[in-house]
Amino acid sequence: MKSASHGDTRGLVEELRRETGGEVRFDAMSRALYSTDASMYEMEPVGVVIPRTVEDVIAAVNVVRRHDGALLSRGGGTSLAGQTVARAVVIDFSKYLRNVLEECPEEGWVRVEPGIILDELNRRIRSSGRMFTPDPSTSNRGTVGGAIGNNSCGAHSIIWGKTVDNVNEIDVILADGSTATFGPLPEEALTGMARAESPVGEIARRLSALGESCRDEVEARFPKIMRRVGGYNLDELAGPGPLDLARFAVGSEGTLVTVTGAVLKTTPIPKVRGLAVVHFASLHESMEATVAALELEPAAVEHIGSMILSTVRTNLAYSRLMDFVEGEPDSLLAVEFVGDTEAEVAARIDMLERRFARSGLGYAVVRMMSPRDQARVWDVRKAGLGLMMNVPGDAKPLAFVEDTAVAPEALPEYVRRFDEIVRDHDTEAGYYGHASVGCLHIRPLVDLKLQEGVDRMVSIASAVSDLVLEFGGAMSAEHGDGLVRSVWNEKMFGPQLYDAFREVKRIFDPHGMMNPGKIVDPPPMTENLRISPAYTPLQVRTGLDFGPENGFAGAIERCNGQGACRKLSGGSMCPSYMATMEEEHSTRGRANALRAVISGGLPPDALTGRRLYDVLDLCLECKACKAECPSNVDMAKLKYEFLHQYRKANGLPIKARMIGNVSGMNRVGSRLAPLSNAAMRSAAFRRVMEKATGIDRRRRLPPFAGRTFRQWFRSRKPPHARDSVRTVALFADTFTDYNHPEIGRAAVVVLERLGFRVVVPDTVCCGRPMLSAGMMEQAVKNAAKNVEALYPHAAEGARIVGLEPSCTLAVSDDYRDLLGPGRETDLVRGMTVSFDRLVDEALSNGSPPPFANPTKDVRYFGHCHQKALTGTGSALSVLKRLSGDGAVEIDAGCCGMAGSFGMTVDRYDLSMRIGEDRLFPAVRRSPSDAVIVSDGVSCRAQILDGAGREAMHLAQVLEESL
């Protein structure tokens, strides 16, 4: 990481804190967190300001101006071209300035603040039947301000246009600190401004003169295609209507003005959508089919290439969405039609099928009419960038020529020629994107850790720029210029227009303070690379095995900054970010903090420092990122390793030791029951316990069982078993044994009724509480003991079944990392299965269902580890056998408890806030007679504390239904 000098910022910081009511952060860690975006670049900012009000933004701009500083506006930080990194004061709009201020459906507009996420905006105005149409693949975390700065587009620009076509007005702060509202400027308004000598009038006059002087060159050099977003919008100066400063400023990447608000056009939501997923044996055939599909006037034609299709099959979450793929296609086209009726849309898809059949294009068409089915396709398509980054090795499909566009009818030949360039450079590329408008995102594999790779990148980019010029296309068609493509603007537009771009910059920003180095006068594209030949990561001797991730550094490098962890709805990732809206509480923020240490941006001792501990502390270890992040960043594993390093350097506090040894505490509590339970109900005892262990007195703890599950199992007389009966080894976790033996008893009864012989091996705590406390050596010992105890059963073909998802998945997921690969460990892991999955398999394989008393209404909530690593399909399948459509999954993210996370004083309130996001309201809305089912002991405790409802384990529900 390249560091700027920050020794002279004291006066700037003091004035920012005095003049603004926002958060001012100039510490080294905050600068590291904002040093990257979704691009391949890294630039450490001078500092960060997080404004609470527009007045804070105005004050910040003026303070930075007075100190001759640089300024960078930032939303979600999802730029692929490096627009949102700079050696400047960053203003982060995304935490507070994210509101819908006013909506007028009758006139078709909405007034918003720039930090609002695109999907959140559409969720809030959906009840009016209207939407803001730009829908880039980052719409679930990208902001309106970012869309304006980038002139974002998306899949449906063929019918609804780019952001520039959907903005009425923007409120801005000019470089001199004055404010203005940009929009159409009729001649009389311009005349009035001239008399008043207003800054806006001066800008408008100079722009008008500039537009007149370069009108012919704009006509000659600007691409004659829809998807051009590079350079400045000089073509807007040549139109027949009034000068529209809003349209001119859209796409200027924060280099001209600071946007503080916008009035956006809204469009009626289509009544019906239908999707045809067409399968092709080759990339070229799919390009030919695109031209044919466009004759039917679709709403979108999206291409999904072979690299995405191959990597998605290895992704935990996205692989579950791939049931719409038939065979082994090289390419897919997702062709969408919209209409007023389902019959109208279906007829359009019929026409597409007939046309493709006559032309011999494609080998299969999968029709998808339900929104749920269509969402699976769009989820895979939108995750394309991150999915491709999972390609093994140091060579990655990088975004440096992935934003070109040509006329759609030229795509077949253009893509063929592009592919020749890639192959002439001895590499390959991933393909995906908006085929409908000729904008394919083509990403060549390049290894930037080698100088040869850097040289290859520049050579490919030069050759592609020649190709784009030959085809009359655009080098920047959606993702903008930024640091990666600004270097080509003079070549693409010619010296006269490039001088005009420089003049635009001088008109708006004479001192060059606004996001310097973008669009004009940029540094070379090879400067400020996050990964380069000079990148030499710190070597860390780890406790966990990071072989599959290419080492500890490789595990961190999986985060490419795309920011999928910053979404605010859907799935579980990232629960702490959803609650706090803090960059450092996102998976990306934590990865950036770790990267700063291993890359030298922060000193090596920061790896065991308190500031990094604070960054990682609010990671709930839910493992959602391992599945939901398209790049499979496993922050839980990285946190386990960090805690191991931290505890080695700083020691293990008694509170952490007690929580890590929860099994021993529960064993003592069980032996002392019922006295221990009486003590736990005492307010005085709870105050003492809060001080000694850090467990919040408000948290209800599970009771201790006077008779443990193992004691019950050893004392019972098992039913007579046939020789041919299948054996299962029940992994008796800590909580089943000492706190909830009734769940273990229910599971045994159910399994035996299904024809299994149940044995209970002599295992110990799975070790996950120890990992969460930083007690890795003890976790390794427990894992080894459990493998030793379980292996003989697995070797004889017995399945190992667990009842507590986190403990079960510790065996099948974490033991590989703790113990490394090995025959015994691998067999035990492979034979370990959750209770719901084993029951579902048994019922699916012909075991007669023994259920006679079906439960009518069930609400099921899955454990985070279960949702991430195995899915909830088996549990729902079993419950639907009991209650049919009465079994419904609660669509909520993490419950907020996460083992001991939500039990401690310093995290209790955050834990409850996370639960309040979706889970608690969903439980409260459930019918009073509905059975709430959740297999996680923490989830059940959180539901009880937060929503006042008792939840049952699946085993208990099945036992009651026997």
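Residues numbered from 1 in each chain as written. Predicted model: local features only at pLDDT ≥ 70, side-chain atom pairs only at ≥ 80, totals over all residues. Heavy atoms only, no water.

Draft legend 1. Representation of the overall build of the chain. If you tally the helices and strands in the chain, you get 44 helices and 28 strands. Relative to the compact-globule value of 30 Å for 962 residues, the chain shows a C-alpha radius of gyration of 30 Å, a close match. Summarising its shape, the C-alpha atoms of the chain cover approximately 95 × 70 × 60 Å along the three principal directions. Across the 962 residues that make up the chain, the buried fraction comes to 64%. (Helix = DSSP H or I, 4+ residues; strand = E, 2+ residues; numbered from the N terminus. Rg over C-alpha atoms; globule rule 2.2 N^0.38 Å. Buried < 20%, exposed > 50% of the residue type's maximum accessible area, 1.4 Å probe, protein only.)

Draft legend 2. Broad picture of the pattern of salt bridges. Following the criterion strictly, the structure yields 70 salt bridges and no others. A salt bridge links R205 to E202; its shortest N-O distance comes to 2.4 Å. Here R205 pairs with E202, and both are found in helix α8 (residues 199-213), just three residues apart, close to one helical turn. The partly exposed category is assigned to R205, whose relative accessible area is 33%. Overall, E202 belongs to the partly exposed group, its relative accessible area being 34%. In this structure, D521 and R502 form a salt bridge, with 2.7 Å as the shortest nitrogen-oxygen distance. Of this pair, D521 sits in the loop between α20 (495-508) and α21 (551-557) while R502 sits in helix α20, placing them 19 residues apart in sequence. By relative accessible area, which is 29% here, R502 ends up partly exposed. Counted as one network, the salt bridges with shared partners bring together K623, K626, D634, R768, D813 and D814. (Salt bridge = Lys/Arg side-chain N within 4 Å of Asp/Glu carboxyl O.)

Draft legend 3. Summary view of helix α13 (residues 342-359). The end-to-end C-alpha separation of α13 is 26 Å, in line with the 26 Å expected for 18 residues at 1.5 Å each. Along α13, the positions that sit buried rather than exposed are V345, A346, R348, I349, L352 and F356. For α13, the angular spread of buried residues about the axis comes to 155°, placing them on one side. Exposed and facing more than 90 degrees away from the buried side of α13 are A343, A357 and R358. One or two steps after α13, the chain reaches G360, where phi turns positive at roughly 70°. (Expected span 1.5 Å × (residues − 1). Arc of directions from axis to C-beta.)

Draft legend 4. Representation of the packing of helix α33 (residues 741-753) against helix α38 (residues 835-844) in the model. The N-to-C vectors of α33 and α38 enclose an angle of 15°; their axes lie 11 Å apart at closest approach. Of the possible angle classes, the one that applies to α33 and α38 is roughly parallel. Crossing handedness for the pair α33 and α38: left-handed. Two secondary-structure elements touch here, α33 through A747, V750 and L751 and α38 through F835, L838 and V839. Classifying every residue of the contact of α33 with α38 by side-chain character gives six nonpolar, no polar and no charged. (Axes fitted to C-alpha atoms, helices over the stretch in contact; angles between N-to-C directions. Parallel < 35°, antiparallel > 145°, perpendicular 65-115°, else oblique. Left-handed = near helix turned anticlockwise from the far one by under 90°. Contact = heavy atoms within 4.5 Å. Nonpolar A, V, L, I, M, F, W, Y, C, P; charged D, E, K, R; others polar.)

Draft legend 5. Quick look at unusual backbone geometry. That bond from M573 to C574 is cis: its omega, -10°, falls within 30 degrees of zero. Among the secondary structure elements, C574 is positioned in the loop between α21 and α22 (575-580). Geometrically, the link from A673 to P674 is a cis peptide bond, its omega value of 10° lying close to zero. Looking at the element boundaries, P674 is found in the loop between α28 (662-671) and α29 (675-680). Not every positive phi belongs to a glycine, and N632 is a case in point at roughly 60°. Residue placement: N632 occurs in the loop between α25 (624-628) and α26 (635-650). With relative accessibility at 9%, the residue N632 sits in the buried group.

Draft legend 6. Structural context of the sheet that holds strand β28 (residues 951-952). The strand order across the open sheet built from four strands is β26-β25-β27-β28, with neighbouring strands paired in parallel fashion. Edge positions in the sheet fall to β26 (887-889) and β28, since each has one partner strand and no second. (Pairing = 2+ DSSP bridges.)

Draft legend 7. Inspection of the sheet that holds strand β20 (residues 439-446) at higher detail. Strand order in the open sheet formed by seven strands is β17-β14-β16-β15-β19-β20-β18, with antiparallel pairing between adjacent strands. Here the strands that pair on one side only, and so sit at the sheet edges, are β17 (364-368) and β18 (396-397). Across six bridges, strand β19 (residues 429-434) lies against β20 in antiparallel orientation. Counterpart to H434 in the pairing with β20 is C439. Strand contacts of helix α11 (residues 283-294): β14 (272-280), β15 (300-304), β16 (331-339), β19 and β20, with the helix running at about 175° to β15, the strand carrying the most contacts.

Draft legend 8. Main features of the environment of P854. Among the structural elements, P854 can be located in the loop between α38 and β25 (858-860). On the basis of relative accessible area, P854 is assigned to the exposed category, the value being 52%. Counting along the chain gives 107 residues from P854 to S961, while the straight-line C-alpha distance between them is 5.6 Å.

Draft legend 9. Main features of the packing of aromatic side chains. Per the counting criterion, the structure on display carries 15 aromatic pairs. Ring geometry for F248 versus F508: centroids 6.1 Å apart, planes at 10°, classification stacked. On the criterion of sequence distance, the pair formed by F248 in helix α10 (residues 245-249) and F508 in helix α20 is long-range, its members being 260 residues apart. You'll find F248 and F508 in the same group, each marked buried. In textbook terms, an aromatic cluster arises when at least three aromatic residues are bridged by ring pairs, as seen for F222, Y232, F493 and F501. (Phe/Tyr/Trp six-rings, centres within 6.5 Å; stacked < 30°, edge-to-face > 60°.)

Draft legend 10. Just the pairing of β16, in detail. Most of β16 is tucked away: eight of the nine residues are buried. Sheet analysis places β14 next to β16, joined by nine bridges and oriented antiparallel. Residue pairing for β16: A276 is matched across the bridge by V335. Sheet topology places β15 next to β16; five bridges connect them, and they run antiparallel. When the sheet's bridge partners are listed, H303 is paired in β16 with L333.

Draft legend 11. Summary view of the nonpolar core. Of all hydrophobic cores here, the largest spans 194 residues; its most connected members are I170, F182, L234, F400, F508 and L612. Residue contacts for F400: discarding those within four places in its chain leaves M40, P444, V446, M457, I460, A461, V484, R485 and M525. A746, F756, V833 and L876 belong to the second-largest nonpolar core, a separate cluster that totals 40 residues. (Core = buried A, V, L, I, M, F, W, Y, C linked by side-chain atoms within 4.5 Å.)

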